Amino acid sequence: MSLIRRGFCVATCVFAFLLAGFASAAGAQQDALRMLAGAAAVDITPTGFPVIINGSFTEHSADVAHDRLMSRAVVLDDGEMRLAIVVVDSLMIERELLDQVKERAHRETGIPVDRMLISATHTHSAPSCMGCLGSRADPVYTRVLPGLIARSISEANARVVPARIGWTVVADHDHNHCRRWILRPDRIGNDPFGEANVRANMHPGHLSENHIGPSGPADPDLSILAIQHADGRPMAVLGNYAMHYFGTAAVSGDFCGRFGERFAALAGIDAAEGFVGVMSQGTSGDSMWMDYSKPATGITLDQYTEAVARVAVRAYESIEYRDHVPLGMAEAKLSLRRRVADEARLAWARRIDTELGDRLPGTMHEIYAREQVLIHARPEVELKLQAVRIGELGITALPNEVYGITGLKIKAQSPFRPTFNIELANGAEGYIPPVEQHHLGGYTTWAARTAGLEVPAEAKIVETVLGLLESVSGRSRRPMEDPLNDYAKAVLASKPAGMWRLGEMNGATAHDAAGDRHGEYEPGVAFYLPGPDGAGLSAGPRGNRAAHFAGGRVRAKVRSPGDRHTVTFWFWSGMPDDVRDVTGYLYSLGGTEGGSEEWLAIGGTGGAAFGRLVFGVGDGPEKALVGRAEIQPRTWNHIAVVRDGERVNVYLNGAEKPEISGHLPPIAAAGVREVFIGGRRDGVAGLEGKLDEFAIFDRALPLRELTDHFVAARFTPPPATPSSSATRIKPSAPADLESYAVAIAASKPRAWWTLHEADGAQAPDRSGGGNVGVLEEGATITVPGEGALNFTGGRMTCAIDSLGEAYSVELWFWNSLSNDTRPVTGYFFSRGVDGAAGAPGDHLGIGGTHGGAGRLIVFNGNDRGQLLIGRTHLRPRTWNHVLLVREGGKMRAYLNGQTQPDLEGEMDMTWPRAGGRLFIGGRNDHFANFRGIIDQVAVYDRVLTPAEFEEHHRASGAEASGTRKAQ
């Protein structure tokens, strides 16, 4: 063997020996650093009753426990650091009490106090641990609780054994939603100090017509940290979900308290082996389980817990475990000012507080007067903020009730992926609204111990927590980004002069994606709401995002060549069209020194442009171009406005034919122009809704290029909504009446009441079936041509034998009431039992402030509570022709000769099998009876086809579009 080869072999053997030695040392080190963990749950249910319950404006008490309250603790150790995470079934716990717990637990375990994270679940059904609003802390329970929480840490520490750990995150959009909604500008409320400044409030009610939409996003992430024994047996699960609380009788741990046991049962885990299931509270200050954009559901606490636990179990089953991960924990203290009252308000508060004496406050004025005195006595507080590292999982601890968007900001910038946030940790300083939300007002902004920190507090908290995450990770935070979607890429490829994507999460700057023409958000704009839904519009983990305009605008300057430019954007209007002269100005463009401007708006009650697009120059409506179709409220639509000299074309939702086309003089020569997004220069009637991806081009884009933009969005436009603004479409001329009568007779109705006879007591059945209608007081006959109201709160009733589960009714109606007058504007047809409690039956009417304002609704009574809502907005004091079809469990309604249903869906039959009675002009229990005119009522014992309805409508002398035929 050559010397070279022999030397190579020797070197190889030495290297192999050294490598084996290193591997052995690394293995020994790995064994030494194996993950250790322990978990424990200690019962903290009160043993003496009654106990004080807070969580409401006034104080309450409870005499019994419906389920156990627990303090659940997990202790982790990576060989270099030991830390504890504790979740307590309580509404919120003061910093001073938790500091006592940590000192006691430190003495018992040796774990440093700054390595303990203790949070509350925010159940509103637990004994009070701190005074807030109109209630006190329970003195007996508060003395007992610290020792019990410390005991849970000690027991978890005593159970530390070798362990494995893993985590995952799954999006669960179905079980938490924003509960804070923006009010309409004509529905602004007063705060407890008598000022009309409430543009947003909690719990708007389902399908509320007083509100526009949510004021912010909810955090949908359901995060799971799972811990196993070394042999794979489950030890503990720490969940995190941003759901405020469910609501149940005290004393109870509510959803978070019940989650662990339900999770274990669904996952097949034997709870007898000491498994600890924990659910911590995420950033849920403005979220709840109810989806107020839909009808109410009858779900129970146990059903809700089961549903969320099932989602968690599916995520849990995908977790990959590690024998060891590095731990890290950092803590910072942040001093913040409170928003103390000025001299005048403080004097008012002190006077009321003096009058109260030792009595608990019972009214909103008394509660908030006392709160002003209390926060004035302590104008500055200190927050304790934390960040935890568990491998590549980040956890933050916030002593506040923060909004969903705050949690999303932290997650978007955290150096860890994933990150979750535990609120109400290490103290309780109340709600922390983002800066822009203070302008919208509402309960979470009213200065008190529950919401009293300085306006910039949220931004300072986020900055501090991100610094802690950087510290424990050793990495810088990620930049906050609004990822480009396919639509935005297509628009930017056309080189706009400015593009404001409106997807910001905070700040006052609307960034220009095309350059440096950054805009400025005015107060009255909410951030990060869902934008238009299209495959080409979504990018990044949170999808497309838009800004919600609630009295504010975005203003920016852009250079334009003058009379040739293009404006494109997406919009969503949440304002009913029958409230203001102009429903909302979408944007305006003009010179920076004032003067003339051009604008695009949605028409309202002030003219013939009701619910339609209007393009104008200057202030006068005489210089305006009006679109053809009514814009359906609460739908996303795409707009392209192309000006080429005096020619103006406005395109809607990618259509090749312009929605508006005409000539208007240009407003100015080339130069710098100011654009107001979401309103007009003078701030009148700004958009109440959302805007997204707003772009201006310094040229008139050709249709082909605009089409390419729209196609890139891969967006399905809302169905075209027929106009309902005609004022005379019912059959009333002699020729029309005769033609319509022939068409109705050909369809063989079981009953037909024209309501044109002179007899005011009964309405004869023109079908020949003998089903005479009996008119109550407030229901009369209208002679054709006279136009007086024939239904002013009374009904016409009739019983039709053997009318089965498949039937139809058609009629004409003219509603005299505004659609925001009553919870239901008016029911004009009902089937059921007269006076039945809870109104079981089929009820057809026009929605009001409770839901579906100005649109058809079908409701089946309070017990089932099923509600269907139509698409078309029905302008008051206009004629409309409707067909309602019941086909077993299915309901459909058609409008004005259309062959596509205006509403349809499944609906249980709640009237008796005998069929019940029919009621025209009101509901079977007299609720929200109709005020207006009803004409030509026909009832069929079968399913009338859409083609027959279309033929009846045509025979009346009206077009299916809802406009009168030319004579």
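The structure presented is a predicted model; accordingly, all values stated were derived computationally and were not measured.

1. Overview of the packing of aromatic side chains
Turning to step 1, where the next piece is worked out: For the coordinates displayed, the defined rule picks out 32 aromatic pairs.
Turning to step 2, where the next piece is worked out: Measuring from centroid to centroid gives 5.4 Å for Y431 and Y443, while their planes differ by 75°, and the two rings are edge-to-face. Here Y431, found in strand β23 (residues 431-432), pairs with Y443, found in the loop between α9 (435-438) and α10 (457-473); they are 12 residues apart in sequence, far enough to count as distant.
Turning to step 3, where the next piece is worked out: What makes Y431 buried here is its relative accessible area of 4%.
Turning to step 4, where the next piece is worked out: Relative to F694, the ring of F569 has its centre 5.1 Å away and its plane inclined at 20°; by these criteria the two rings are stacked. A residue pair is termed long-range when its members are at least 10 positions apart, and F569 in strand β30 (residues 564-573) and F694 in strand β39 (residues 688-697) qualify at 125 residues.
Turning to step 5, where the next piece is worked out: On the basis of relative accessible area, F694 is assigned to the buried category, the value being 0%.
Turning to step 6, where the next piece is worked out: In this structure an aromatic cluster arises from ring pairing among F246, F255, F259, F263, F275, W289, Y304 and Y316.
Turning to step 7, where the next piece is worked out: Over the aromatic face of Y807 sits the side chain of R831, whose NZ or CZ is 4.6 Å from the ring centroid.
Turning to step 8, where the next piece is worked out: R831 extends its terminal NZ or CZ atom over the ring of W911, reaching a point 3.7 Å from the ring centre.

2. Some words on the pairing of strand β51 (residues 890-895)
One face of the sheet, then the other: side chains in a regular strand alternate in exactly this way.
Turning to step 1, where the next piece is worked out: β51 sits mainly inside the fold: five of its six residues count as buried.
Turning to step 2, where the next piece is worked out: Taken together, strand β50 (residues 879-887) and the strand that follows it, β51, pair antiparallel across an intervening segment of two residues, in which G888 is found at a positive phi of about 65°.
Turning to step 3, where the next piece is worked out: Pairing of β51 with strand β52 (residues 903-906), which is carried by four bridges, proceeds in the antiparallel orientation. Paired with K890 across the strands is E906, a residue of β52.

3. Some details on helix α13 (residues 734-746)
Turning to step 1, where the next piece is worked out: With 13 residues, α13 ought to run about 18 Å at 1.5 Å a step, and its terminal C-alpha atoms sit 19 Å apart, in line with that.
Turning to step 2, where the next piece is worked out: Turning to α13, its buried residues number three or more, namely D736, Y740, A743 and I744. One side of α13 carries all its buried residues, which in axial view fall inside an arc of 95°. Residues of α13 that are exposed and point more than 90 degrees away from the buried face comprise P734, A735, E738, V742 and A746.
Turning to step 3, where the next piece is worked out: Looking at the packing, one finds that the buried side of α13 touches β40 (751-753), β45 (806-815), β50, β54 (931-940) and α14 (946-955).
Turning to step 4, where the next piece is worked out: After α13 finishes, the residue K748 shows a positive phi value of roughly 55°.

4. Side note on the pattern of salt bridges
Turning to step 1, where the next piece is worked out: Overall, the coordinates contain 63 salt bridges when judged by the stated rule.
Turning to step 2, where the next piece is worked out: Through salt bridges with shared partners, a single network forms among E522, R553, R555, E674 and R681.

5. Examining the sheet that holds strand β22 (residues 419-423)
Turning to step 1, where the next piece is worked out: Spatial ordering of the open sheet is given by β18-β19-β20-β22, a layout of four strands whose pairing is mixed. Only two strands of the sheet have a single partner each, and these edge strands are β18 (327-337) and β22. Averaged over all neighbouring strand pairs, the angle between strand axes comes to 15°, with direction disregarded.
Turning to step 2, where the next piece is worked out: Where strand β19 (residues 380-390) meets strand β20 (residues 393-398), five bridges bridge the pair, whose relative direction is antiparallel. Considered in β20, the bridge of Q386 is made with A397.
Turning to step 3, where the next piece is worked out: This element, helix α2 (residues 95-109), spans β18 and β19 of the sheet and lies at about 45° to β19.

6. Structural notes on the state of the cysteines
Turning to step 1, where the next piece is worked out: With the rule as written, the count across this model stands at zero disulfides.
Turning to step 2, where the next piece is worked out: With no disulfide of its own, C129 lies closest to C132 among cysteine sulfurs, the gap being 11 Å.
Turning to step 3, where the next piece is worked out: The structure places no disulfide on C178, whose sulfur is separated from the nearest cysteine sulfur, that of C256, by 18 Å.

7. Here we look at the packing of helix α11 (residues 486-493) against helix α12 (residues 703-713)
Packed helices, taken two at a time, are described by the angle their axes make and the gap between the axes.
Turning to step 1, where the next piece is worked out: Where α11 contacts α12, the axes come no closer than 7 Å and their chain directions differ by 160°. Accordingly, the angle class assigned to the pair α11 and α12 is roughly antiparallel. Viewed along their axes, α11 and α12 form a crossing whose handedness is right-handed. Of α12, the residues touching α11 (which contributes D486, Y487, A490 and V491) are H709, A712 and A713.
Turning to step 2, where the next piece is worked out: Residue classes in the contact of α11 with α12 are distributed as five nonpolar, one polar and one charged.

8. Details of the sheet that holds strand β14 (residues 221-229)
Turning to step 1, where the next piece is worked out: With mixed pairing, the eight strands of this open sheet are ordered in space as β6-β5-β4-β1-β7-β14-β15-β16. Edge positions in the sheet fall to β6 (116-120) and β16 (276-281), since each of these pairs with one other strand and no more. Along the sheet, successive strands turn relative to each other by an average axial angle of 20°, direction set aside.
Turning to step 2, where the next piece is worked out: For strand β7 (residues 161-171) and β14, the ladder comprises nine bridges, and the chain directions are antiparallel. Paired with G166 across the strands is A226, a residue of β14.

What counts and how
- Residues numbered from 1 in each chain as written.
- Predicted model: local features only at pLDDT ≥ 70, side-chain atom pairs only at ≥ 80, totals over all residues.
- Heavy atoms only, no water.
- Phe/Tyr/Trp six-rings, centres within 6.5 Å; stacked < 30°, edge-to-face > 60°.
- Helix = DSSP H or I, 4+ residues; strand = E, 2+ residues; numbered from the N terminus.
- Buried < 20%, exposed > 50% of the residue type's maximum accessible area, 1.4 Å probe, protein only.
- Lys NZ or Arg CZ within 6 Å of the ring centre and 35° of its normal.
- Pairing = 2+ DSSP bridges.
- Expected span 1.5 Å × (residues − 1).
- Arc of directions from axis to C-beta.
- Contact = heavy atoms within 4.5 Å.
- Salt bridge = Lys/Arg side-chain N within 4 Å of Asp/Glu carboxyl O.
- Axes fitted to C-alpha atoms, helices over the stretch in contact; angles between N-to-C directions.
- Disulfide = S-S within 2.5 Å.
- Parallel < 35°, antiparallel > 145°, perpendicular 65-115°, else oblique.
- Left-handed = near helix turned anticlockwise from the far one by under 90°.
- Nonpolar A, V, L, I, M, F, W, Y, C, P; charged D, E, K, R; others polar.

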